[in-house]
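# Survey of secondary and tertiary structure
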Number of protein chains: 2
Amino acid sequence: MARGLGRICKGFQRLGSLSSIQTQLRQPSTSVSVRGTTLIRTMVQALPTLFSSKPRDFSLPNSSWGSEMMQLYEHYNSQCEVETEGGEKQEGPWRRLPSYNRLLKYATGGVHLSKIIQSKARLFTRNIRDPGAAFEYVLFVNSEEQKCVCVFQAGHLLEGPPGHVHGGAIATMIDTVTGTHATILSGPVMTANLNINYRSPIPLGSTVLLESSLDKKEGRKTFISCKVTSSDGSKLHTETTALFLSINFSHLLLGE
Amino acid sequence: MARGLGRICKGFQRLGSLSSIQTQLRQPSTSVSVRGTTLIRTMVQALPTLFSSKPRDFSLPNSSWGSEMMQLYEHYNSQCEVETEGGEKQEGPWRRLPSYNRLLKYATGGVHLSKIIQSKARLFTRNIRDPGAAFEYVLFVNSEEQKCVCVFQAGHLLEGPPGHVHGGAIATMIDTVTGTHATILSGPVMTANLNINYRSPIPLGSTVLLESSLDKKEGRKTFISCKVTSSDGSKLHTETTALFLSINFSHLLLGE
């Protein structure tokens, strides 16, 4: 069965490490004492933006998102915070998960890799910064229903069959969504199996919905199902079962 | 089961269309009538290089290939052409397959896509031109043994678990190798199932070997197995069974 740091850390890097990134990369303090012209004041006010080390959250809308992508995003995002009868705001049933392109430097692993590879490494699904060119996606989780959904717009650099998305790019999104979901349900996990049935191709440039649900938990095993459908749910593109194995959290910290 | 142009064309775009690309993209004729200075002559002589429409063959070695990648490449490449006792050269047991990054414009499909998407589309596994950054790989086929091997060097942009290759990137290479192999064995096919068992993670930057073999053929079905191991074969990374369905060649030509 799967061993070693890499896959063991999958859950951690996918979800667990996101909070640590947020913590470590807070925007620099703006409490700089400024006396002088408006220009200088404006420049200094701009500094936090210019030199901010805050990472880009790829799960937020950008100009490349089409109408289907935006509609589905707003559908789930509007349910992340709801208003009570008394007018107060409170957490809704869904929660949006942020997404970054750089994880290695926040992990304890990778010590055997060269410094060059470490410093340049990028998350596979976020390795192209050109908006709309590759994987545009956002994940939402519903803890009560033990479900996870992902709105995915497939860019022109993901081509496999002419005019359609590569089977490997679809597998990549399935691995990402089910892996994140398993981590939420069971803590740190590693992928042990992906069994993907391809039913119909996904046209390049289109938006699809990935829906992940818990089948069962047995000891260290978490069984997840995932369907990829057209954005309105009318067409089934793929059906998948996935198996994840829970791993000891100390492995993550020790990099074993 | 899978329908439509996209996956139907998979085999075609992977292998069948390569020859058509080579045919269509011959280097421009150099039979230009030139009278004038040496400078003009030099410029005109340089034109075929500057404006050549010959596509880059990504399966050939580049400066990013490490020693393991080069050794395995040379091991198989040296068996593509062998010398007889009489000193004559003849085809060997292995054959290297060329690999390009642009397929859509040579296909009949994709008519429903916008012109912008069509013109910018790139094969998923070849969408990053920076040598060594993502998928560096070369495929060899052995028709007599009904085997296919792929030497794959995983670049820093393929990160999943910290310091290791993303499960989706591994699935992408498996889909590519088994799909190509199925096409060689059975003609045009589409992927119907990929069942991947992940055994141990692949360190980022390392070179691995994918070995694909035919299990059986039953009517329209082609069953393929694929193992991913360390470059010396000592460590098993993944084990996969894949199912492909043969499709009617006229679908490819008609774009149905």
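Residues numbered from 1 in each chain as written. Chains lettered and ligands numbered in written order. Predicted model: local features only at pLDDT ≥ 70, side-chain atom pairs only at ≥ 80, totals over all residues. Heavy atoms only, no water.

All names here are of chain B. Buried within helix α4 (residues 67–77) we find Met69, Leu72, Tyr73 and Tyr76. Taken around the axis of α4, the buried residues stretch over an arc of 105 degrees, which confines them to a single face. The exposed set on the far side of α4, more than 90 degrees from its buried face, consists of Ser67 and Gln71. Looking at the buried residues of α4, the elements they touch are β3 (95–97), β4 (135–142), β5 (147–154) and β7 (207–218). (Buried < 20%, exposed > 50% of the residue type's maximum accessible area, 1.4 Å probe, protein only. Helix = DSSP H or I, 4+ residues; strand = E, 2+ residues; numbered from the N terminus. Arc of directions from axis to C-beta. Contact = heavy atoms within 4.5 Å.)

A few words on the environment of A:Ile196. Structurally, the position occupied by A:Ile196 is in strand β6 (residues 189–198). Under the relative-accessibility criterion, A:Ile196 is labelled buried at 0%. Between the C-alpha atoms of A:Ile196 and A:Thr240, which are 44 residues apart in sequence, the distance is 4.4 Å. Apart from the residues within four sequence positions on either side, A:Ile196 is in contact with A:Ala171, A:Ile174, A:Thr238, A:Glu239, A:Thr240, B:Ala192, B:Asn193 and B:Leu194.

Another aspect to go through is the pairing of strand β8 (residues 221–230) of chain A. Residue and element names in this part refer to chain A. The buried count for β8 comes to seven of 10 residues, which makes it a mostly enclosed element. Linking two consecutive strands that pair antiparallel, namely strand β7 (residues 207–218) and β8, is a turn of two residues; a positive phi of about 55 degrees is found at Gly219 within it. By the bridge criterion, nine bridges tie β8 to strand β9 (residues 236–246) in an arrangement that is antiparallel. Note that in β9 the partner of Val228 across the bridge is Thr238. In sequence, β8 turns back onto β9 through a hairpin of five residues, with Gly233 there showing a positive phi of about 80 degrees. (Pairing = 2+ DSSP bridges.)

Tracing the chain through its elements places B:Ile170 in helix α6 (residues 167–186). When the C-alpha positions of B:Ile170 and B:Pro201 are compared, they lie 9.7 Å apart, and in sequence the two are 31 residues distant.

Turning our eyes to something else, we now look at α6(B). Residue and element names in this part refer to chain B. With 20 residues, α6 ought to run about 28 Å at 1.5 Å a step, and its terminal C-alpha atoms sit 28 Å apart, in line with that. Along α6, 19 of the 20 residues are buried, which leaves the element largely enclosed by surrounding structure. Within two residues after α6, Gly187 carries a phi angle of roughly 80 degrees, on the positive side. (Expected span 1.5 Å × (residues − 1).)

According to the stated counting rule, one finds 15 aromatic pairs over all chains in the structure shown. A centroid spacing of 5.4 Å and a plane angle of 75 degrees characterise the contact between A:Trp65 and A:Tyr73, whose relative ring orientation is edge-to-face. Residue A:Trp65 shares its accessibility class with A:Tyr73, and that shared class is buried. What links up through ring pairs into an aromatic cluster is the set A:Phe124, A:Phe135, A:Phe152, B:Phe124, B:Phe135 and B:Phe152. B:Arg56 extends its terminal NZ or CZ atom over the ring of B:Phe58, reaching a point 4.1 Å from the ring centre. (Phe/Tyr/Trp six-rings, centres within 6.5 Å; stacked < 30°, edge-to-face > 60°. Lys NZ or Arg CZ within 6 Å of the ring centre and 35° of its normal.)

To continue, consider the environment of A:Pro93. Within the secondary structure, A:Pro93 is located in the loop between β2 (89–91) and β3 (95–97). For the pair formed by A:Pro93 and A:Glu145, sequence separation is 52 residues and the distance between their alpha carbons is 8.6 Å.

Moving on, we come to the nonpolar core. Ranked by size, the top nonpolar core spans 78 residues in total, and within it A:Phe152, A:Leu158, A:Leu210, B:Phe152, B:Leu158 and B:Leu210 carry the most contacts. Excluding anything up to four places from it in sequence, A:Leu158 contacts A:Ala133, A:Ala134, A:Phe135, A:Phe152, A:His164, A:Val165, A:His166, A:Ala169, A:Leu204, B:Arg122 and B:Phe124. (Core = buried A, V, L, I, M, F, W, Y, C linked by side-chain atoms within 4.5 Å.)

Before going further, it helps to spend a moment on the pattern of salt bridges. Residue and element names in this part refer to chain A. One pass over the structure, following the stated rule, counts six salt bridges over all chains. The partner of Arg199 in a salt bridge is Glu239, and the shortest N-O contact between them spans 3.0 Å. In this pair, Arg199 is assigned in the loop between β6 and β7 and Glu239 in strand β9, connecting sequence segments 40 residues apart. A relative accessible area of 25% places Glu239 in the partly exposed class. Residue Lys216 pairs with Glu218 through a salt bridge whose shortest N-O separation is 3.3 Å. Of the residues examined, Lys216 reaches a relative accessible area of 40% and is grouped as partly exposed. (Salt bridge = Lys/Arg side-chain N within 4 Å of Asp/Glu carboxyl O.)

Turning our attention to the confidence of the model for chain A. Close inspection of predicted coordinates is inappropriate for parts of the model with low pLDDT. Residues and elements named next belong to chain A. In this model, chain A carries a mean pLDDT of 78, and residues with pLDDT of at least 70 account for 70%. Ignoring residues within four places in sequence, the model shows residues 1–51, a span with pLDDT below 50, making 99 contacts including any to other chains. Below pLDDT 50 for its whole length, residues 104–112 participates in 26 contacts with residues either more than four positions away or in separate chains. For this predicted complex, the interface score ipTM comes out at 0.78, while the overall pTM is 0.78. (pLDDT = per-residue confidence, 0-100.)

Quick look at the pairing of β5(B) now. Regular strands place side chains that alternate from one sheet face to the opposite one. Residue and element names in this part refer to chain B. In terms of burial, β5 is largely enclosed, as seven of its eight residues are buried. By the bridge criterion, eight bridges tie β4 to β5 in an arrangement that is antiparallel. Bridge assignment links Val141 to a residue of β5, and that residue is Cys148. If you look at the hairpin formed by β4 and β5, you'll find four residues sitting between the two strands, and Gln146 has a positive phi there, around 50 degrees. Two strands pair when backbone bridges link them, and β5 and β7 are joined in this way by seven bridges, in the antiparallel orientation. Pairing of Cys148 across the sheet is with Ser212, part of β7.

If a residue is not glycine, its phi is most likely negative; likewise, a peptide bond is most likely trans. Even without a glycine there, the phi angle at A:Gln146 is positive, about 50 degrees. Relative to the elements of secondary structure, A:Gln146 occurs in the loop between β4 (135–142) and β5 (147–154).

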